[in-house]
Amino acid sequence: MYGLVNKAIEELVSERFGKAAWEKVLKVSGIEEDGFVSNQPYDDAVTYKLVEAAVEILGLSSEEVLKAFGEHWVLQTATKGYGPMLDAAGSNLVEFLNNLPGLHTRVALIFPELKPPRFDVTHLGEGELTLHYWSDRPGLDSMVKGLMIGLGKRFNQQVEVVQTVFQDEEHDHAEFLVKYAA
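This text gives an overview of the structure that appears in the document. (Residues numbered from 1 in each chain as written. Predicted model: local features only at pLDDT ≥ 70, side-chain atom pairs only at ≥ 80, totals over all residues. Heavy atoms only, no water.)

Looking at the sheet that holds strand S2 (residues 128-134)
Spatially, 4 strands are ordered S1-S2-S4-S3 in an open sheet, and the strand pairing comes out antiparallel. Strand pairing shows two members of the sheet lacking a second neighbour, strand S1 (118-125) and strand S3 (159-165), which therefore form its edges. Averaged over all neighbouring strand pairs, the angle between strand axes comes to 25°, with direction disregarded. For S3 and strand S4 (residues 174-180), the ladder comprises 6 bridges, and the chain directions are antiparallel. Counterpart to Gln-163 in the pairing with S4 is Phe-176. Sheet strands touched by helix H5 (residues 93-110): S1, S2, S3 and S4. Its angle to S1, the strand with the most contacts, is close to 155°. Along the sheet face, helix H6 (residues 141-154) touches S1, S2, S3 and S4 and points at about 155° away from the line of S3. (Pairing = 2+ DSSP bridges. Helix = DSSP H or I, 4+ residues; strand = E, 2+ residues; numbered from the N terminus. Axes fitted to C-alpha atoms, helices over the stretch in contact; angles between N-to-C directions. Contact = heavy atoms within 4.5 Å.)

Some words on the side chain of Thr-77
Of note, Thr-77 is situated in helix H4 (residues 62-89). What makes Thr-77 buried here is its relative accessible area of 7%. Residues contacting Thr-77, with those up to four places away along its chain left out, are Leu-4, Ala-8, Glu-11 and His-72. (Buried < 20%, exposed > 50% of the residue type's maximum accessible area, 1.4 Å probe, protein only.)

Let's talk about the packing of H4 against H6
Contact pair H4 / H6: the axes reach a minimum separation of 7 Å and the direction vectors enclose 50°. Overall, the two elements H4 and H6 adopt an arrangement that is oblique. H4 and H6 meet at a crossing whose hand is right-handed. Of the residues in the contact of H4 with H6, the class split is 10 nonpolar, 6 polar and 6 charged. (Parallel < 35°, antiparallel > 145°, perpendicular 65-115°, else oblique. Left-handed = near helix turned anticlockwise from the far one by under 90°. Nonpolar A, V, L, I, M, F, W, Y, C, P; charged D, E, K, R; others polar.)

Structural notes on the pattern of salt bridges
In the structure shown here, the tally under the stated rule is 6 salt bridges. Put simply, Lys-153 and Glu-71 hold a salt bridge, and the shortest N to O gap is 2.4 Å. With Lys-153 in helix H6 and Glu-71 in helix H4, the pair connects residues that are 82 residues apart, well separated along the chain. Overall, Lys-153 belongs to the partly exposed group, its relative accessible area being 46%. (Salt bridge = Lys/Arg side-chain N within 4 Å of Asp/Glu carboxyl O.)

A few points about the packing of aromatic side chains
Applying the stated criterion to the full structure yields 6 aromatic pairs. When the centroid spacing of 4.6 Å and the interplanar angle of 55° are considered together, the rings of Tyr-2 and Phe-111 count as tilted. Here Phe-111 lies in the loop between H5 and S1 and Tyr-2 lies in the segment before helix H1 (3-17), a separation of 109 residues in the sequence. For the residue pair Tyr-2 and Phe-111, the accessibility class agrees, reading buried in each case. The interplanar angle of 45° and the centroid separation of 6.0 Å between the aromatic rings of Phe-69 and Trp-73 together place this pair among those described as tilted. Residue Phe-69 and its partner Trp-73 are located together in helix H4, separated by 4 residues, close to a single helical turn. The pair Phe-69 / Trp-73 is uniform in exposure class, with both members buried. (Phe/Tyr/Trp six-rings, centres within 6.5 Å; stacked < 30°, edge-to-face > 60°.)

In structure tokens form, the structure reads like this:
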């Protein structure tokens, strides 16, 4: 993952729990970085170690940390770094999700080694959709829940997210039932 992701984890921990908590997370993770460079690729193991250390130091579950991170990513990191691109991707949740593949394509021009997840939407009717999520990175499903909650806040739409399918030996991707105020 790119340093932008690791910097966002640092921001989340520092803003919500204090700089001292971040220093503890960094120490427990064993990552010896003075700072992460946003546009530099890092091994995925670095990000996973930071999340594991945050779980230990903050006393939260990995699901809680990843969900908070997903929400933070939408409302803080992505908005600061890609505000105009996000604005162009849609003016409501459904429009944005439908345009997400194109957004990832544009971001990949900035970050050539980016390996973004893939999302697809199945519309179920008024106020309901199934979000399909494919990723080569295991264990990030809770982050997707946080992303959806963050997008709901971004578009001032109430959102409920329930994971209905887990990626495993039988399923090549995860699925989420997303209910939203239309």
